[in-house]
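Remarks on the overall topology
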Amino acid sequence: NAGVTQTPKFQVLKTGQSMTLQCAQDMNHNSMYWYRQDPGMGLRLIYYSASEGTTDKGEVPNGYNVSRLNKREFSLRLESAAPSQTSVYFCASSDGTGGVPYEQYFGPGTRLTVT
Amino acid sequence: AQSVTQLGSHVSVSEGALVLLRCNYSSSVPPYLFWYVQYPNQGLQLLLKYTSAATLVKGINGFEAEFKKSETSFHLTKPSAHMSDAAEYFCAVSEARAGNNRKLIWGLGTSLAVNP
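A brief structural summary. (Residues numbered from 1 in each chain as written. Chains lettered and ligands numbered in written order. Predicted model: local features only at pLDDT ≥ 70, side-chain atom pairs only at ≥ 80, totals over all residues. Heavy atoms only, no water.)

Looking at the packing of aromatic side chains
According to the stated counting rule, one finds 15 aromatic pairs over all chains in the structure shown. Residues F106 of chain A and W106 of chain B carry aromatic rings whose centres are separated by 5.8 Å and whose planes lie at 80° to one another, so their mutual orientation is edge-to-face. Taken together, the residues span two chains, with F106 of chain A in strand β10 (residues 105-106) and W106 of chain B in strand β10 (residues 104-106). In this pair, the class of F106 of chain A matches that of W106 of chain B, namely buried. With a centroid separation of 6.5 Å and an interplanar angle of 35°, the aromatic rings of F34 of chain B and Y36 of chain B are classed as tilted. Put simply, the rings of Y33, Y35, Y48, F90 and F106 of chain A together with F34, Y36, F90 and W106 of chain B touch in pairs and so form one group of aromatic residues. (Phe/Tyr/Trp six-rings, centres within 6.5 Å; stacked < 30°, edge-to-face > 60°. Helix = DSSP H or I, 4+ residues; strand = E, 2+ residues; numbered from the N terminus. Buried < 20%, exposed > 50% of the residue type's maximum accessible area, 1.4 Å probe, protein only.)

Observations regarding the sheet that holds strand β6 (residues 56-58) of chain B
Residues and elements named next belong to chain B. Ordered in space as β1-β3-β8-β7-β6, the five strands form an open sheet in which the pairing is antiparallel. Among the strands making up the open sheet, the edge pair consists of β1 (3-7) and β6. Going across the sheet, the axis of each strand differs from the next one's by a mean of 20°, ignoring polarity. Here strand β3 (residues 19-26) pairs with strand β8 (residues 73-78) via four bridges, running antiparallel. From the neighbouring strand, L20 faces β8, where its bridge partner is T77. (Pairing = 2+ DSSP bridges. Axes fitted to C-alpha atoms, helices over the stretch in contact; angles between N-to-C directions.)

Right under this line is the structure:
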């Protein structure tokens, strides 16, 4: 049981390049989330998917797109990377059933640098 | 609007001393509250959660937190700090809305340093 996995662990991009961050969970969770973490700014929600087939914007969606490929996988795409997108990106999942906001389980993160 | 405030972005304690990390929240409905820990270069890990059962919640690694409705607080404590407790700690509250799949609203985090 691997929990939440993310690939790649590290990435360096040049301005204007594109890339997709991959996330998968093996806990049969319904909800999945993408966050970015920057010094002094805590965790900011980029996009989330409450269930398979649905996605919604979070606080900072500009410059990103997401795909909920199936129940297990939730990818984040940067179409044209900018230096402001240099950050650590975390994927998380939660069960989210039964009317109780279950805790979120986090992946190890992807450290992205855009030059 | 809901919010979480963590008082003190940096806290430093001596090994063996009491750890107290402060969290205050605002919520229009009874909240669900969480503390997470992030060790260097790792993801976040749940320490403990309050979901309207006992107001004193015990978590992993000797941490506990007390829900105080009158003070809208959920402070995290540990009687005796260990060097391995050095990490970033985040407080979070669930969205105040009906239904499933509520998002979490996060504090900015408190970095805990433990001095020998």
